[in-house]
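One letter stands for each residue in the lines below.
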Amino acid sequence: MKKLMSSPVFESRIKSQDVQKSEKWLGYLLGPAGALLLNAVLASYLNVYYTDVLKLTNVWNGAFLAVFPVISKIVDAITNIIMGQIIDRTRTKQGKARPYLLIAAVLLPITGIHLFTVPVASQTVQVVWVMLSYNLFYSFAFTIYNMSHNLMVPLSTRNIEQRGSLSVFNNISSVAATGIIVALIFPMLIMPAIGVNKSAWITVMSVVAILALPLTLVEYYFTRERITEEGADSEKKTVSVKTQLLSVIKDKYWVVIFLYLIVYHIGSNLKNISLIYFCNYVLGSYNDGITQTMVSIIGGIPMGIGMFAVWPLAKKFGKRNLTMAGFVLYAIGGIVCLMNPHNMVVVLIGQFIKNIGGLPCAYVFMALFADVLDHIEWKYGFRVDGLSTSILSIILTVAGGVSNSIFNFMLSKTGYIAPEFVNGETIAAVQNASTQNAITFGFLGFEAITAFIMIALLAFLGVEKNLAKEQEEIRIRKGLEVESSSDEKDDIEASEINTEDGSNDGRI
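Residues numbered from 1 in each chain as written. Predicted model: local features only at pLDDT ≥ 70, side-chain atom pairs only at ≥ 80, totals over all residues. Heavy atoms only, no water.

## Describing the side chain of Gln 292
Relative to the elements of secondary structure, Gln 292 occurs in helix H12 (residues 291-305). Since its relative accessible area comes to 8%, Gln 292 is described here as buried. A polar side-chain atom of Gln 292 sits 3.4 Å from a polar atom in the side chain of Tyr 45. Not counting the four nearest positions on each side in its chain, Gln 292 is found in contact with Tyr 45, Val 182, Ala 183, Pro 187, Leu 275, Ile 276 and Cys 279. (Helix = DSSP H or I, 4+ residues; strand = E, 2+ residues; numbered from the N terminus. Buried < 20%, exposed > 50% of the residue type's maximum accessible area, 1.4 Å probe, protein only. Polar contact = N/O pair within 3.5 Å; in protein donor to acceptor, adjacent residues only side chain to side chain. Contact = heavy atoms within 4.5 Å.)

Following this line, the structure appears as structure tokens:
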């Protein structure tokens, strides 16, 4: 691969040492949209395809959809570890993570289409197809993409200001994919049209999967690993996984941010998988084209209007402090919704409050994650990008499997009834009270609980306190020119007024 990546054909279109506008708009906003859209569609609708179109809810007395996601995610976790080590050992002119975006660009559409082309055959054949296609996509294709994509911001630059900007653009891409297409266009137009018509599902999902190919290529050509380039000549020896792991588990910032990730993603995944069922059976009627759209529009307005306000606030108050304050609103919004989950007005007010609180987490997390990786490099003298991204991906995948398993188990045990496709029309049943309560807990209850846990965890994450000085020391060690831009000076000055717990004089 090293020789192949030396070809001019594969060179990044980004040549400057400073982050460029084309890098932001193409590499971090447009490029990732294809793969992130595909993943967002699958996160929201693949389980619906399994329960409502293929009708697998009661296979093996409900055990299949409860157990299979967890087992698959264990396999996925193993491949994440392997992929992380492959990335850490990769040395090419184009970086150590970016080259794998090229491979993912081809694999994502192929495996994505196979998720839905389940043959009309015996239940055993369908179950085997589902297991194989699911693992080919998540344990193989998406693992390759997700591992390399998640390293683009941490490896892009050491400039705190520029890295924060890239984090915002990167997350705008994710929010746009989920907030506009998946949360608005799909429930308002696509789902009412396709119902539980299998051939229509295959057509729509194939189009979404194919979009990942050209857009992922855009992400590859308009990103650059400047931090990897710093050690291109000197970093020949790879630190063992054991040494890396023994080092990071002793660092409280690294441990805290990963505990936070576990709690956040289990709650978030359970909410996401429950959303469609909540809108179909608790708040509105099946694929009515209105309920989910209203929840998404009103709840999503803060995500749109606040995207460019988050970073200035994070600079002023600190990324950690702003995120903590956001989770206070997050919990309040969830509690408001739970007061009357059957009332549209109450739920919309609660979702609006909740998503204002979710802004910092949505837009500045990757910058905070990158801060922790830089801190580890300063503390131990080596980077742990591959290991950390492996564990991040493991958390994302296992959390998804656990959430799917919990939700499908609740559906099966409370008597969920799948809709029928009769004479070209989708006919849905009214779910019993127990099923509605289970769906409501999945969408609202559990995540309100996790908000309080995350506030407590973030109180211990003071990594921003000395970050600017730590980055300066890293540059000195490597014999690099120390940056002295006005943005960097601002960050150093801000770090110097931080108190011992990582907060500063401007509290929110």
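Now that the structure has been shown, we can carry on.
## Quick notes on the confidence of the model for the protein
The predicted coordinates of low-pLDDT regions are not to be read in fine detail. Per-residue confidence for the protein averages 85 on the pLDDT scale, and 90% of its residues sit at or above 70. In the model, residues 484-508 has pLDDT below 50 throughout and makes 46 contacts with residues more than four positions away in sequence or in other chains. (pLDDT = per-residue confidence, 0-100.)

## Focus on the nonpolar core
For soluble globular proteins, the rule of thumb is that nonpolar side chains tend to be buried together. Counting 124 residues, the largest nonpolar core has Tyr 50, Leu 108 and Trp 201 as its most contacted members. At 19 residues, helix H11 (residues 252-283) tops the list of elements feeding residues into this core. If we ignore the near neighbours within four places in the chain, the residues touching Tyr 50 are Lys 55, Leu 56, Leu 65, Phe 68, Leu 115, Val 130 and Tyr 134. Ranked by size, the runner-up nonpolar core spans 13 residues in total, among them Val 168, Trp 311, Leu 359 and Tyr 363. (Core = buried A, V, L, I, M, F, W, Y, C linked by side-chain atoms within 4.5 Å.)

## Notes on the packing of aromatic side chains
What the rule picks out here adds up to 28 aromatic pairs. Ring centres of Phe 68 and Tyr 134 lie 4.9 Å apart, and the angle between their planes is 70°; on these two criteria the pair is classed as edge-to-face. One end of the pair, Phe 68, is in helix H3 (residues 63-88); the other, Tyr 134, is in helix H5 (residues 123-150), with 66 residues separating them in the sequence. We classify Phe 68 as buried; its relative accessible area is 5%. (Phe/Tyr/Trp six-rings, centres within 6.5 Å; stacked < 30°, edge-to-face > 60°.)

## Focus on the pattern of salt bridges
Evaluated as defined, the whole model comprises 21 salt bridges. Arg 158 serves as the salt-bridge partner of Asp 374, at 3.5 Å between the closest nitrogen and oxygen. Separated by 216 residues along the polypeptide, Asp 374 in helix H16 (residues 359-380) and Arg 158 in the loop between helix H6 (152-156) and helix H7 (160-194) bring together distant segments of the chain. With relative accessibility at 0%, the residue Asp 374 sits in the buried group. (Salt bridge = Lys/Arg side-chain N within 4 Å of Asp/Glu carboxyl O.)

## Section: the state of the cysteines
The full count for this structure, using the stated rule, is zero disulfides. Of the cysteine sulfurs around Cys 337, a residue in no disulfide, the closest is that of Cys 279, at 11 Å. No disulfide involves Cys 361; its nearest neighbouring cysteine sulfur is the one of Cys 337, lying 17 Å away. For Cys 361, a relative accessible area of 9% puts it in the buried group. (Disulfide = S-S within 2.5 Å.)

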